[in-house]
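# Understanding the architecture of this molecule
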Amino acid sequence: MLRIMTDGAADMPPAWEKEYEIPMIPVNIMFGDKTYLQFVDLDNEGFYKLVDESKKIPKTSQPSPHQFAEFYKMIAQPGDEILSIHVTSKLSGTYASAVAAAEEVKDLFTVYPVDSKAGSAAIGFMCREARRLNRQGRSAQEILQYLERVRERVRIILTLDRLDYARMSGRVGTLQAAVASALNVKPIAVLRDGALNMAERVRTRKASIERVIQLGEEEFGSQPVYLAAVHARDPQSGQGLLDEAKKHFNCKDAILTDLSVSVAANLGPGTVGLVIYPAES
């Protein structure tokens with residue numbers, strides 16, 4: 001049997017985990033001397049409340065190889081294949097932990113660690129399409145070839161509403177020029193080829209959201225796409241962005257989802273954006 005799993009940096013509608021059989025290994029979230037497991041001990045709203053109360057940004061860390069090995073044993077039976085799809089290795093050590101764990105459990109399972117070169121809803125879409133292909137009878141190798149074809153073309157385009165999280169976290173190096181600026185700017189960051197880089201700085205919230213859509217249009221034109229609007233603690237702005245984006249793209253499917261804590265911890269509430277994933281026929 002083919003098991004398909006991912007990590008807590010993936011974003012998808014809650015129903016997908018059950019519908020498409022996609023278990024998620026949680027991220028470790030450290031507030032002071034206390035460690036929480038994402039989804040287990042701390043949900044997204046609980047995370048934001050802790051930040052509001054402490055005025056500090058927690059540290060997040062990838063699951064360890066041991067945590068991965070134990071997770072594989074929990075979700076699979078000896079002899080199973082496991083497609084382990086993870087957040088870009090340029091921003092996290094999660095993929096490296098999966099590779100190490102795959103070696104540790106190789107006598108029990110055949111694990112295929114996949115560097116998505118992406119994050120957020122892009123991973124969710126990849127997992128869903130992998131399961132659909134599996135249910136059509138495609139082999140693990142055929143699914144891997146599909147993921148290799150499309151992952152180079154996935155785009156994540158985000159705009160920040162506030163800079164205090166990025167300033168406190170200090171981990172978003174490509175945004176530091178905007179963070180240090182005295183201007184009230186709205187940075188736009190684009191994840192391309194696995195790396196998150198600041199693309200532009202826009203002066204107003206409205207203009208930044210319009211520019212997010214324009215950048216996506218410049219890249220994808222009228223080709224069929226899977227599209228997600230993502231948001232950090234701002235469902236109203238996320239829904240508004242989704243409604244407007246549907247007018248500009250040839251959407252095979254369009255969803256709204258929260259940004260994971262591992263991303264929101266560095267970009268902050270109010271961050272919204274589009275995840276655009278080419279839909280192959």
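Above this text is the structure in question.
Now for a look at the structure at hand. (Residues numbered from 1 in each chain as written. Predicted model: local features only at pLDDT ≥ 70, side-chain atom pairs only at ≥ 80, totals over all residues. Heavy atoms only, no water.)

## Concerning the packing of aromatic side chains
Where two aromatic rings form a pair, the distance of their centres and the angle of their planes describe that pair. Within the structure shown, the criterion is met by nine aromatic pairs. Between Phe-47 and Tyr-48, the ring centres sit 5.3 Å apart and the planes meet at 65 degrees, which makes this aromatic pair edge-to-face. Taken together, the aromatic side chains of Trp-16, Tyr-20, Phe-125, Tyr-226 and Tyr-277 make up a single cluster linked through ring pairs. For Arg-128, the ring lying beneath its charged end belongs to Tyr-226, and the centroid distance is 5.0 Å. (Phe/Tyr/Trp six-rings, centres within 6.5 Å; stacked < 30°, edge-to-face > 60°. Lys NZ or Arg CZ within 6 Å of the ring centre and 35° of its normal.)

## Details of the pairing of strand E3 (residues 28-31)
Across four bridges, the pairing between E3 and strand E4 (residues 34-37) is antiparallel. Bridging across to E4, Phe-31 finds its partner in Lys-34. Turn length for the E3-E4 hairpin, with the two strands adjacent in sequence and antiparallel, is two residues, and the turn residue Gly-32 shows positive phi of about 60 degrees. Where E3 lies against strand E5 (residues 59-61), three bridges are found, and the strand directions are antiparallel. (Pairing = 2+ DSSP bridges. Helix = DSSP H or I, 4+ residues; strand = E, 2+ residues; numbered from the N terminus.)

## Describing the nonpolar core
Phe-47, Leu-83, Ile-85, Phe-125, Leu-147 and Tyr-277 are the most contacted members of the largest nonpolar core, which has 60 residues in total. Considering every element that reaches this core, the biggest residue donor is helix H5 (residues 120-135), with eight residues. Every residue in contact with Phe-47, bar those within four places of it in the chain, is listed here: Phe-31, Leu-42, Pro-58, Tyr-165, Val-261 and Ala-265. Core analysis: the second largest hydrophobic core is formed by 19 residues, Ile-213, Leu-241, Leu-242 and Val-272 among them. (Core = buried A, V, L, I, M, F, W, Y, C linked by side-chain atoms within 4.5 Å. Buried < 20%, exposed > 50% of the residue type's maximum accessible area, 1.4 Å probe, protein only. Contact = heavy atoms within 4.5 Å.)

## Remarks on the sheet that holds E4
One open sheet accounts for three strands, arranged E4-E3-E5; its pairing is antiparallel. At either end of the open sheet lies a strand with only one pairing partner, and these are E4 and E5. Taken over all neighbouring pairs, the strand axes of this sheet differ in orientation by 25 degrees on average, direction set aside. (Axes fitted to C-alpha atoms, helices over the stretch in contact; angles between N-to-C directions.)

## A few points about unusual backbone geometry
The phi dihedral of Lys-55 falls on the positive side, at around 60 degrees, and the residue is not glycine. With respect to the helices and strands, Lys-55 occurs in the loop between helix H2 (44-54) and E5. When its relative accessible area of 60% is taken as the criterion, Lys-55 is described as exposed. Residues other than glycine seldom take positive phi values, yet Lys-117 does so here, at roughly 55 degrees. If you trace the backbone, Lys-117 turns up in the loop between strand E7 (110-115) and H5.

## Concerning the packing of helix H9 (residues 205-220) against helix H10 (residues 235-246)
The interhelical angle for the contact between H9 and H10, taken along N-to-C directions, is 45 degrees, at an axis separation of 10 Å. On the basis of the axis angle, H9 is oblique to H10. The hand of the H9/H10 crossing is right-handed. Along the contact surface, H9 presents Arg-205, Ile-209 and Ile-213, while H10 presents Ser-237, Leu-241, Glu-244 and Ala-245. Looking at the contact of H9 with H10 residue by residue, the class counts come to four nonpolar, one polar and two charged. (Parallel < 35°, antiparallel > 145°, perpendicular 65-115°, else oblique. Left-handed = near helix turned anticlockwise from the far one by under 90°. Nonpolar A, V, L, I, M, F, W, Y, C, P; charged D, E, K, R; others polar.)

## As for the sheet that holds strand E10 (residues 195-202)
Across a sheet, paired strands are connected by hydrogen bonds in the backbone, their directions being either parallel or antiparallel. Spatial strand order, E10-E9-E8-E13-E11-E12: six strands in an open sheet with mixed pairing. Whereas interior strands pair on both sides, the edge strands pair on one side only; in this sheet they are E10 and strand E12 (250-258). Pairwise comparison of adjacent strand axes, ignoring direction, gives a mean angle of 20 degrees for this sheet. Note that strand E8 (residues 155-159) and strand E9 (residues 186-192) share four bridges and pair antiparallel. If you follow Ile-157 over to E9, its bridge partner there is Val-190. Relative to the sheet, H9 contacts E8, E9, E10, strand E11 (224-231) and strand E13 (272-278), its axis offset from that of E8 by approximately 170 degrees. H10 contacts E11, E12 and E13 of the sheet and is inclined by roughly 175 degrees relative to E12.

## Focus on the pattern of salt bridges
A side chain of one charge can pair with a side chain of the opposite charge if their charged atoms are brought near each other. Considering all chains together, one arrives at 20 salt bridges under this definition. For Asp-80, the salt bridge identified is with Arg-3, shortest N-O distance 2.8 Å. Pair noted here: Asp-80 is in the loop between helix H3 (65-75) and strand E6 (81-86) and Arg-3 is in strand E1 (residues 2-7), with a separation of 77 residues, a long-range link. In this structure, the salt-bridge partner of Arg-205 is Asp-234, at a minimum N-O distance of 3.1 Å. In this pair, Arg-205 sits in helix H9 while Asp-234 sits in the loop between E11 and H10, placing the two residues 29 residues apart along the sequence. (Salt bridge = Lys/Arg side-chain N within 4 Å of Asp/Glu carboxyl O.)

## Observations concerning the side chain of Arg-151
With respect to the helices, strands and loops of the structure, Arg-151 is situated in helix H6 (residues 140-151). Side-chain polar atoms of Arg-151 contact the backbone oxygen of Asp-115, separated by 2.5 Å. Look past the residues within four positions of Arg-151 in its chain and what remains in contact with it is Val-114, Asp-115, Ser-116, Lys-117 and Met-126. (Polar contact = N/O pair within 3.5 Å; in protein donor to acceptor, adjacent residues only side chain to side chain.)

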